[in-house]
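# Structure at a glance
One letter stands for each residue in the lines below.
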Amino acid sequence: MRIADARVIVTCPGRNFVTLKIVTDDGVTGVGDATLNGRELAVAAYLTEHVIPALIGRDPARIEDTWQYLYKGAYWRRGPVTMSAIAAVDTALWDIKGKVAGLPVYQLLGGRSREGVTVYGHANAETVDDVLAEIARYADLGYRAVRVQTGVPGLGTTYGVSKDKLFYEPADAAIASEATWSTEAYLNHVPSVFAQVRAEFGPGLKLLHDVHHRLTPIEAARLGKSLEPYALTWMEDPVPAELQEGFRLIRRHTTTPIAVGEVFNTVWDCETLVREQLIDYIRATVVHAGGITHLRRIFDLAGLYHVRTGSHGATDLSPVCMSAALHLDLAVPNFGLQEYMRHTAETDAVFPHGYRFEGGYLHPSEEPGLGVDIDESLAAEYPYRPAALPVNRLLDGTMHSW
Ligand code: EZ4
Ligand code: CO
């Protein structure tokens, strides 16, 4: 069997998605997500101009060899554009292998290690009263874990708090919009939010919070310490993570578990964090971290060091990525949690899929392969619309880090 054709499909059913479809000479197809939020067309061009010509005629069964060929063969290793492109190819080839074998992909990864994939939802609102109502809504839907984000008194818009509640979407303008930030106001406010949430919901519900990379290590240490009474499942992205050793300082000061990795794209981004046991959850995901092949390598390293998985699953990760993530989540021994933000009905229609939510768990499709596809004619009805993630400034106008 040979790869006969491959094409990139860019579509915007409410938000932008980039999808690779690979077709074999036997007519078997596979899909892979290649969406890089706000930088979509860079990955589309990488695939179309540089990857697809090299795929035609290759044996689709050689997943590992193709991964190594694309990673090593480019000379320019790593980076989100490259690794998202490699991820798309890798994911599509696992889909094809599953279809050829007649098995869902999780069976090829060693089979089921659990009954379902525990997911967390994203409760967010400007005020504490409103966020309590949002959490209640998720609890009513059956969620066992909820990420809690609120506005900060004195600040205008806050990243992580969106207008549309169930369908959270931070990429809101073609040219990046601007949000404001005050670390002092934030650190004063957040512990009081979690005090009220725990008082209302008791100890049973898993609670998470995303800092969105907005603190320094010592500030993050203070936040973690002040949240200890509320027993969070994790504090996410406390600091920008280019400097992995920065986490040593946070770790020395707090028992609040730490999760990081949604912007990581290779095992090298978390090697120190994992080996020194500076984090508790690694949040890399299929589309941005080199596909199923490389993410499994990251998860296996993590498993040696008491680090569990907590893959990113916001709306910019398409149902193709979510399908792939669920097969891996079901199979790996050190699964922790999977983020799950619902897609709109338009997105779900463009990407017909067999995974389903029930009782706080997601269950991958039992169909051969990944159990997801793209409806290309429907996709064509939604042309690309540029949308960037916002930037953040301090109250005096200084550009701030995420
Ligand atoms: O900022 O998906 O955990 N999820 C998040 C998301 C990310 C966006 C970036 O594309 O932090 O809101
Ligand atoms: Co996050």
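Model, not experiment: these values are computed from the prediction.

With that settled, the discussion passes to the site of ligand 1. Neighbouring ligand 1 are 14 residues, the closest being R147, Y159, Y168, E236 and D316. A distance of 3.4 Å separates an oxygen atom of ligand 1 from a polar atom in the side chain of H212. The side chain of E262 places a nitrogen or oxygen atom 2.9 Å from an oxygen atom of ligand 1. Calculation on ligand 1 without its partners gives an accessible area of 320 Å², and the protein chains cover 93% of this total. A class-by-class count of the residues in the shell around ligand 1 yields four nonpolar, three polar and seven charged.

Turning our attention to helix α11 (residues 319–331). With 13 residues, α11 should reach 18 Å at 1.5 Å per residue; the first-to-last C-alpha distance of 19 Å fits that figure. Among the 13 residues that make up α11, 13 are buried, leaving the element largely enclosed by the rest of the structure.

Okay, the nonpolar core next. With 114 residues, the main nonpolar core has I22, F247 and I282 as its most contacted residues. Other than its neighbours up to four places away in sequence, F247 contacts P238, V239, A241, I258, V260, L273, L278 and I279. Counting seven residues, the second largest nonpolar core, distinct from the first, contains Y120, L208, A259 and L337.

On to the sheet that holds strand β16 (residues 399–400). Ordered by their spatial adjacency, three strands build an open sheet running β6-β15-β16, and the pairing between neighbours is mixed. If you trace the sheet from one side to the other, it starts and ends with β6 (178–181) and β16, each paired once.

The grouping of E126, D129, D130 and E200 at the surface amounts to a negative patch. Following the sequence through the fold, D129 ends up in helix α5 (residues 128–141). Taking relative accessible area as the criterion, D129 reaches 60% and is therefore assigned exposed.

Here we come to the sheet that holds strand β3 (residues 29–33). Sheet strands line up and pair through hydrogen bonds in the backbone, either parallel or antiparallel. Across the sheet, which stays open at both edges, the three strands sit in the order β1-β2-β3 with antiparallel pairing between neighbours. The sheet is open, and its two edges are formed by β1 (3–11) and β3, each paired on a single side. Across this sheet, the average inter-strand angle for adjacent strands is 20°, counted without regard to direction. Examined bridge by bridge, β1 and strand β2 (residues 17–24) share eight bridges and lie antiparallel to one another. Directly across from V10, in β2, lies its bridge partner V18. Relative to the sheet, helix α1 (residues 40–55) contacts β1 and β2, its axis offset from that of β1 by approximately 175°. Sheet contacts for helix α3 (residues 80–101): β1, β2 and β3; angle to β3, the most-contacted strand, approximately 145°.

Distances from the cobalt ion (ligand 2) to its protein donors, D210 (OD), E236 (OE) and E262 (OE), fall at 2.0 to 2.1 Å. For the cobalt ion (ligand 2), all donor residues lie on one chain, and their spacing in sequence is D-x25-E-x25-E. On the criterion of sequence distance, the pair formed by E236 in strand β8 (residues 234–236) and E262 in the loop between β9 (258–260) and α9 (271–275) is long-range, its members being 26 residues apart. Across the pair, exposure class does not vary: E236 and E262 are buried alike.

So, about the environment of S192. Along the chain, S192 falls in helix α6 (residues 183–201). Sequence separation between S192 and M399 is 207 residues; the distance between their C-alpha atoms is 27 Å.

What follows is about the packing of α1 against α3. Contact geometry for α1 and α3: axes closest at 9 Å, N-to-C directions at 50°. Taken together, the axis directions place α1 and α3 in an arrangement best described as oblique. Note on packing geometry: the crossing formed by α1 with α3 is right-handed. Taking contact as the criterion, the partners of A42, V43, Y46, L47, V51 and L55 in α1 are, on α3, V81, T82, S84, A85, A88 and V89. The residue makeup of the contact of α1 with α3, split by class, is ten nonpolar, two polar and no charged.

This part is about the packing of helix α2 (residues 63–73) against helix α10 (residues 291–304). Interhelical geometry of α2 versus α10 gives an angle of 90° and a closest axis separation of 9 Å. Put simply, α2 runs roughly perpendicular to α10. Residues I63, E64, W67 and Q68 of α2 form the contact with α10, whose own contacting residues are T293, H294 and R297.

Thresholds applied
Residues numbered from 1 in each chain as written. Chains lettered and ligands numbered in written order. Predicted model: local features only at pLDDT ≥ 70, side-chain atom pairs only at ≥ 80, totals over all residues. Heavy atoms only, no water. Near = heavy atom within 4 Å. Polar contact = N/O pair within 3.5 Å; in protein donor to acceptor, adjacent residues only side chain to side chain. Areas by Shrake-Rupley, 256 points an atom, 1.4 Å probe, with all protein chains shown as cover. Nonpolar A, V, L, I, M, F, W, Y, C, P; charged D, E, K, R; others polar. Helix = DSSP H or I, 4+ residues; strand = E, 2+ residues; numbered from the N terminus. Expected span 1.5 Å × (residues − 1). Buried < 20%, exposed > 50% of the residue type's maximum accessible area, 1.4 Å probe, protein only. Core = buried A, V, L, I, M, F, W, Y, C linked by side-chain atoms within 4.5 Å. Contact = heavy atoms within 4.5 Å. Pairing = 2+ DSSP bridges. Patch = residues over 30% accessible without salt bridge, like charges linked within 9 Å, V, L, I, M, F, W, Y side chains within 5 Å. Salt bridge = Lys/Arg side-chain N within 4 Å of Asp/Glu carboxyl O. Lys, Arg positive; Asp, Glu negative; His and termini not counted. Charge placed at Lys NZ, Arg CZ, Asp CG, Glu CD. Axes fitted to C-alpha atoms, helices over the stretch in contact; angles between N-to-C directions. Donors = N, O, S within 2.8 Å, 3.2 Å for Na, K, Ca; no water. Parallel < 35°, antiparallel > 145°, perpendicular 65-115°, else oblique. Left-handed = near helix turned anticlockwise from the far one by under 90°.

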